[in-house]
Amino acid sequence: MTINRKKVKSLIRITGVALLIIIMQLSSSSGEALAQNNSKNKSLDTKVYMRGLYIPNHHSRNLKFIKALVAKGKTSGINMFVFDVHSYGSTVLKVNSSVIEYLKSENIYVAGRVVCFQDGISKLPIPAGHMKTLNALVTSAADSGFDEIQLDYIRFADAKMPYSLKRRYEVIEEMLKNFRSITDERKIKLSADVFGRVVYNKDDLIGQKLELFAAYTDVIYPMLYPSHFNLDKKKMSEPGETVKDGVNSGVSRLEGKNVYIQPYIQAFDYNIYHAKVKLDKYVALQIKGVEETGARGWVAWNPNGDYSSVFSAVKIINTENAALAE
């Protein structure tokens, strides 16, 4: 049989091209699958539910204290700490890098809280010296290894002043824009605390407006302590519903915006007698209320860093859930 060499060479070329096309398709499919998987992983990362604790500055620098708190918090699902990065009344950064490194090794998310204006802005213009110091503090905190910088008391004083709301919003917006540039450069999140009533008020005289903060922050933390709604006995007597309603109000207003709501809940006994329950049950009601909403999670606040009520509250919830499952 005579072999046509030209036909054989042509057949080989065609076969080679076909194999190359198949390999490229398989590679492309594999790459697309990997990209989709990575995208899902990133999506899951952003949806990690946060159960956080606020830690005052002197405790946040104590590695022994932090290790003990992490050990106690593991069974309660605690996966976030909020640290004061400076002591009360000071603008000097006080951070223990060993504590942050340890928490990162334990997969604990860490936010650094910066108090901007403890008593609110009372006069304009803001002294240049204070703004320079505050800017340096935020920058230093952002360089300290935190996952997020949390601004607190970025507001005007809770009193009448000769400045329009428009002017107040402009001042706060300029600061948020500046701080956002600092955190963006370091690829970390920026967040802010707001008064609990701000989730209901469209225009509040302290200059805090959800929609304004949402434009520059990744997370907004309304301080929804039931005891602080002292003109509303219903809110003070129903801690779970109070927190749930406040979160839902905030989430509804910010629907479609790329920002999370994560409330502070009350883990101290001020005014809890209105609810006629002990502190651990009071906390449990709030946790259940938040976790029935679209919040990113919650942060419990105790000024002394005592979270025995939170750990007890989680046990109460787990016991109740187990009873319902039987």
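See the structure printed just above.
Right, let's walk through the structure included here. It should be emphasised that the depicted structure is a prediction, and the values quoted were computed from it without experimental measurement.

## A look at the nonpolar core
By size, the foremost hydrophobic cluster in this structure holds 91 residues, and its most contacted members are Leu53, Phe81, Leu103, Ile149 and Leu151. When residues of this core are assigned to their parent elements, the largest contribution, seven residues, is made by helix α6 (residues 165-185). Residue contacts for Phe81: discarding those within four places in its chain leaves Leu53, Ile55, Ile66, Leu69, Val70, Leu103, Ile108, Tyr109, Val110 and Ala111.

## Notes on the packing of helix α5 (residues 128-142) against α6
For the pair α5 and α6, the least separation of the axes is 10 Å and the interaxial angle reads 30°. Taken together, the axis directions place α5 and α6 in an arrangement best described as roughly parallel. The two elements α5 and α6 cross, and the hand of that crossing is right-handed. Contacts between α5 and α6 involve Met131, Leu134, Asn135, Val138, Thr139 and Ala142 from the former and Met175, Asn178, Phe179 and Ile182 from the latter.

## A word on the pattern of salt bridges
Following the criterion strictly, the structure yields 22 salt bridges and no others. Put simply, Glu170 and Lys166 hold a salt bridge, and the shortest N to O gap is 2.7 Å. Pair noted here: Glu170 and Lys166 are both in helix α6, with a separation of four residues, about one helical turn. Lys234 serves as the salt-bridge partner of Glu238, at 3.3 Å between the closest nitrogen and oxygen. A relative accessible area of 30% places Glu238 in the partly exposed class. A relative accessible area of 53% means that Lys234 is categorised as exposed. Through salt bridges with shared partners, a single ionic network connects Asp84, Arg113, Asp152 and Asp193.

## Considerations on the packing of aromatic side chains
What the rule picks out here adds up to six aromatic pairs. Seen in terms of ring centroids, Tyr200 and Phe229 are 6.5 Å apart; in terms of plane orientation they differ by 80°. Their pairing is edge-to-face. Residue Tyr200 is located in the loop between β5 (189-195) and α7 (210-214), and its partner Phe229 is located in the loop between β6 (219-223) and α8 (233-237); the two are separated by 29 residues in the primary sequence. Plain terms: the ring middles of Tyr264 and Trp301 are 5.7 Å apart, the flat faces sit at 75° to each other, and that makes the pair edge-to-face. Of this pair, Tyr264 sits in strand β8 (residues 264-266) while Trp301 sits in strand β9 (residues 297-301); the two residues are 37 residues apart in sequence, bridging distant segments of the chain. Here Trp301 falls in the buried class, since its relative accessible area comes to 16%. Above the ring of Tyr102, the side-chain terminus of Lys67 is found at 5.4 Å from the ring centroid. Across the ring face of Tyr200, the terminal group of Lys235 is positioned such that the distance to the ring centre comes to 4.9 Å.

The rules we used
Residues numbered from 1 in each chain as written. Predicted model: local features only at pLDDT ≥ 70, side-chain atom pairs only at ≥ 80, totals over all residues. Heavy atoms only, no water. Core = buried A, V, L, I, M, F, W, Y, C linked by side-chain atoms within 4.5 Å. Buried < 20%, exposed > 50% of the residue type's maximum accessible area, 1.4 Å probe, protein only. Helix = DSSP H or I, 4+ residues; strand = E, 2+ residues; numbered from the N terminus. Contact = heavy atoms within 4.5 Å. Axes fitted to C-alpha atoms, helices over the stretch in contact; angles between N-to-C directions. Parallel < 35°, antiparallel > 145°, perpendicular 65-115°, else oblique. Left-handed = near helix turned anticlockwise from the far one by under 90°. Salt bridge = Lys/Arg side-chain N within 4 Å of Asp/Glu carboxyl O. Phe/Tyr/Trp six-rings, centres within 6.5 Å; stacked < 30°, edge-to-face > 60°. Lys NZ or Arg CZ within 6 Å of the ring centre and 35° of its normal.

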